[in-house]
Number of protein chains: 2
Amino acid sequence: MRILIKNGIVIDMVNKEPKVKDILIVGNKIEKIEHKIEENADKIINAENKVIMPGLVNCHNHCAMSIFRGHSDDLELQEWLNNAIWPVEEKLTKEEIYYASLLSCIEMIKTGTTTFHDMYFLMENVAKAVEESGIRALISRTVVTEEEPRTRLKEAEELYLKYNKKANGRILVNVSLHAPYTCDERTIKKCVELAKKYKMSIHIHLSETEKENKDIKEKYGITPTEYLKKNGVFEVKTILAHCVYLSSNDINIIKKENTGIAHNPISNLKLSSGMANIVKYKENGITVGIGTDGAGSTNTLDMFEEMKVSAYIQKVLNKKSSCINAEDILKMATTDGAKVLGLDKEIGSIEEGKKADIIIINIEKPHIKPINNIYSALVYSAVGQDVETSIVDGKIIMENREIIGIDEKMIMDKCQKISDKYFR
Amino acid sequence: MRILIKNGIVIDMVNKEPKVKDILIVGNKIEKIEHKIEENADKIINAENKVIMPGLVNCHNHCAMSIFRGHSDDLELQEWLNNAIWPVEEKLTKEEIYYASLLSCIEMIKTGTTTFHDMYFLMENVAKAVEESGIRALISRTVVTEEEPRTRLKEAEELYLKYNKKANGRILVNVSLHAPYTCDERTIKKCVELAKKYKMSIHIHLSETEKENKDIKEKYGITPTEYLKKNGVFEVKTILAHCVYLSSNDINIIKKENTGIAHNPISNLKLSSGMANIVKYKENGITVGIGTDGAGSTNTLDMFEEMKVSAYIQKVLNKKSSCINAEDILKMATTDGAKVLGLDKEIGSIEEGKKADIIIINIEKPHIKPINNIYSALVYSAVGQDVETSIVDGKIIMENREIIGIDEKMIMDKCQKISDKYFR
């Protein structure tokens, strides 16, 4: 399949200045980016006056949690987990996880995300949703401390063996430790062994709340980051979700290791966890991407909303409006996010030879015009609904806001029924 | 004109539980709300599976500032005003203010706002945009300290005499003092006299930044609120924009007077001004509405975004997720907003006899479903683009996202040209 996108305003995330260009996609890759391309193609997309940019990278999600949307707002993290989420999660079936994940994939595609990073269980069903929707994902089974036999570690390994690089490479598998407060030292060490065995990265929630830091300090006498370090987690590539509360020593540890942070501003605010100082982390050379967290806490999976809120809170937290700008934020949501996931050689920017993960945005809207700065327009004004077309792995998966090959209404109805079963 | 809206899920902001009902609009008023209405109408709207709710009330705006969108992000308030905004504002023509205001009216209508409160200059041109777009507004000329003759106070009076209650009552006029730091005591007193003469309310920016509080304290030895009190501002109804930094005594003054606060969370974050503790103000019995501020600082005029961010920051500021919930937030954006503007007898809820200012929202969307709590769905999941139809003063001004009788593209192009003239 050859797709030719004509005359779009290309924000490639490599060159600062936007340029009007044509882009030729052949197979799953970006073949050519030039001012004018006059070649045959199976499909020509006219992107005149529209922005062409890399698809957004959502660095932290639990996509099956869409069925919890709006069920238990206004609770703090631990109360929310213990009373609202975990008792229901125990009962979820494979089919329910599949439909809930498919709904999330649809929502993500419709708001510009082309790659997401997921942590949950019964992950074969998430993989199925990824495969069918056409989105790209790095997925993992969550591991916590449990009695022998180590079911979860075994499932994590099976997931890797069965699904890594499936769907033409759109599905990749790593492994998740839930959090320092749910994983004992033995579990962590076993998980690191597994990650090393298959060269997987480890995804973990870290220092999400002050309570977590306090509890770990009381139990082990060290910070959660030090606890991970002590147990070898940083011996493999690590993706750290949240990091709302990091000490100077934590920052020193993280900046020296092969790590990246998945910042989830809305979830952290809504669960009243706090505000991560990502400007400080970035000043220390740490790579920071943006995630939505699950729809159970954030209520949407819209990276445009996360981008806005990321910028807002940094400005007020650092009492300095210039501490971060729209271009920095867009970089976090694309190239830096790809780097956090270890996928920056393949995705995150529009460059010849990279995978064709591209979104086309209609900027001729009354909430965007006039445009004085294209990065500002994309970050502070545009919304997820402005994304018109999405291409992942060289395939059009949404065109003019219609998801290709999926009955959206049926999926929404299914998910409403699942939700009603548990919460009505 | 008789409009019958059938089978919508009515969130009237009076009854907590949503009910499926029909609504009959006759002239500019809500005539009847019943389970089934079988009467003739000139227009029948099928609202099955859609939410019918009061239009949103934007309590603080400078709608001509849309031409500044994205021009000067990442600056603090004073730098932004002194270097980026004021030098250009001096040059703006009547025609430019008209087109910029019309663009803002379009944006507001398309994101669910039916009433806004505006402070600017050359306000006849804002009035013209309000009249033509069909939206409702309370508008005012901004007064600051100036040499005799007191041009601005005179203009404020003329605006009132010429435009108050015009456009079938959709245009109302009050008067604005810019801020304590730009208005000397004589100017404030003169403005209070004017407000008393015509029973107008006074709109003012108050305690937006720590710097303002510090400067006023240095100059007068009292807080900005005390300064207003001393000069008689609270002898008339007052609408206080921002109030990021209020002392206990300020809160005591405000709660006893005929005042309301217009909270502008995104503008306050983006200009790194701070986070107003509206939960504390509400606990003290102060009425708080939500505003967008101008698109020059906020970059959009979308009350759905403001609602979300309002909730997020209260939860983290008060370290308590339950400190405010989705229903509280929706009330702020509707009934409480109307009360802040002194319009709660006419708008802000769906009740028989009230003005017909109603929006219809499509909630069958993958970022909203499944719905477990309708208030949560509207505040935490829905976005401005989900608003399909808008009725103001009994007239349909947007239907299926098409603004009636306005060439959106022409207005956007005009505003781009104006913006290019100043900033390219």
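Structural data are supplied above this passage.
Residues numbered from 1 in each chain as written. Chains lettered and ligands numbered in written order. Predicted model: local features only at pLDDT ≥ 70, side-chain atom pairs only at ≥ 80, totals over all residues. Heavy atoms only, no water.

Asks: Where do I start with helix 15 (residues 374-381) of chain A in this structure?
Replies: Helical periodicity: at 3.6 residues per turn, an α-helix aligns residues three or four positions apart in one direction. For helix 15 of chain A, the buried fraction is high: 8 of the 8 residues fall into the buried class. Along helix 15 of chain A, the residues that are buried comprise Ile374(A), Tyr375(A), Ser376(A), Ala377(A), Leu378(A), Val379(A), Tyr380(A) and Ser381(A). Check the buried side of helix 15 of chain A and you find it contacts strand 5 (50-54), helix 12 (303-317), helix 13 (326-332) and strand 15 (358-362) of chain A together with helix 9 (265-270) and helix 11 (295-298) of chain B. Near the N-terminus of helix 15 of chain A, the side chain that reaches the backbone nitrogen of Tyr375(A), with its oxygen 2.8 Å away, is that of Asn373(A). (Buried < 20%, exposed > 50% of the residue type's maximum accessible area, 1.4 Å probe, protein only. Helix = DSSP H or I, 4+ residues; strand = E, 2+ residues; numbered from the N terminus. Contact = heavy atoms within 4.5 Å. Polar contact = N/O pair within 3.5 Å; in protein donor to acceptor, adjacent residues only side chain to side chain.)

Asks: Would you mind going over the relation of the copies chain B and chain A with me for this structure?
Replies: The operation relating the pair of chain copies consists of a rotation about an axis and a translation along that axis. In the superposition of chain B on chain A (RMSD 0.0 Å, axial shift 0.0 Å), the rotation amounts to 180°. Such a turn and shift between the copies fits a two-fold axis. The residues that chain B uses at the interface reappear at the interface of chain A in 100% of cases, marking a shared surface. (Least-squares fit on C-alpha atoms with pLDDT ≥ 70 in both.)

Asks: Just to check I follow, could you spell out the nonpolar core for this structure?
Replies: Burial of nonpolar side chains together is a common tendency in soluble globular proteins. Within the largest apolar cluster, 255 residues are counted, with the highest numbers of intra-cluster contacts made by Tyr281(A) and Tyr281(B). Viewed by domain, this core spans two of them, domain 1 (2-54 + 356-403) and domain 2 (56-340) of chain B, each represented by three or more residues. Beyond its immediate sequence surroundings of up to four residues, Tyr281(A) is in contact with Cys243(A), Val244(A), Tyr245(A), Leu246(A), Ile251(A), Ile261(A), Ala276(A), Ile286(A) and Val288(A). (Core = buried A, V, L, I, M, F, W, Y, C linked by side-chain atoms within 4.5 Å. Domains from an automatic or database assignment.)

Asks: Would you explain the interface of chain B and chain A in this entry?
Replies: How big an interface is tends to be stated in terms of accessible area lost as the parts join. Taken residue by residue, the interface counts 62 residues in chain B and 62 residues in chain A. Summed over both partners, the interface of chain B with chain A comes to about 4800 Å²; 56% of that surface belongs to carbon and sulfur atoms. When the area that chain B buries against chain A is broken down by residue, the three leading residues are Tyr312(B), Pro366(B) and Asn372(B), summing to 14%. Where chain B touches chain A, the interface holds 4 salt bridges. Its salt-bridge partner being Glu305(A), residue Lys308(B) comes within 3.7 Å of it at the nearest N-O pair. Between chain B and chain A we count 30 residue pairs in polar contact (both at pLDDT 80 or more) in total. Of all elements in the fold, only helix 2 (94-110), helix 9, helix 12 (303-317), helix 15 (374-381) and helix 16 (408-423) of chain B reach the threshold of two or more residues within the side of chain B that touches chain A. Considering each element in turn, the side of chain B that touches chain A owes the most residues, 8 residues, to helix 16 of chain B. Broken down by class, the residue content of the side of chain B that touches chain A amounts to 23 nonpolar, 19 polar and 20 charged. (Buried area = accessible area lost by both parts, 1.4 Å probe. Salt bridge = Lys/Arg side-chain N within 4 Å of Asp/Glu carboxyl O. Nonpolar A, V, L, I, M, F, W, Y, C, P; charged D, E, K, R; others polar.)

Asks: Where do I start with the packing of helix 2 (residues 94-110) of chain A against helix 3 (residues 123-133) of chain A in this structure?
Replies: Relative orientation and spacing of two packed helices are given, respectively, by the angle between their axes and the distance between those axes. Residues and elements named next belong to chain A. Two elements in contact, helix 2 and helix 3, have axes whose closest approach is 8 Å; the angle formed by their N-to-C orientations is 40°. Classified by the interaxial angle, the pair formed by helix 2 and helix 3 is oblique. The way helix 2 lies across helix 3 gives a crossing that is right-handed. From helix 2, Lys-94, Ile-97, Tyr-98, Ser-101, Leu-102, Cys-105 and Ile-109 reach across to helix 3, where they touch Asn-125, Val-126, Lys-128, Ala-129, Val-130, Glu-132 and Ser-133. Its residues placed into classes, the contact of helix 2 with helix 3 shows 8 nonpolar, 3 polar and 3 charged. (Axes fitted to C-alpha atoms, helices over the stretch in contact; angles between N-to-C directions. Parallel < 35°, antiparallel > 145°, perpendicular 65-115°, else oblique. Left-handed = near helix turned anticlockwise from the far one by under 90°.)

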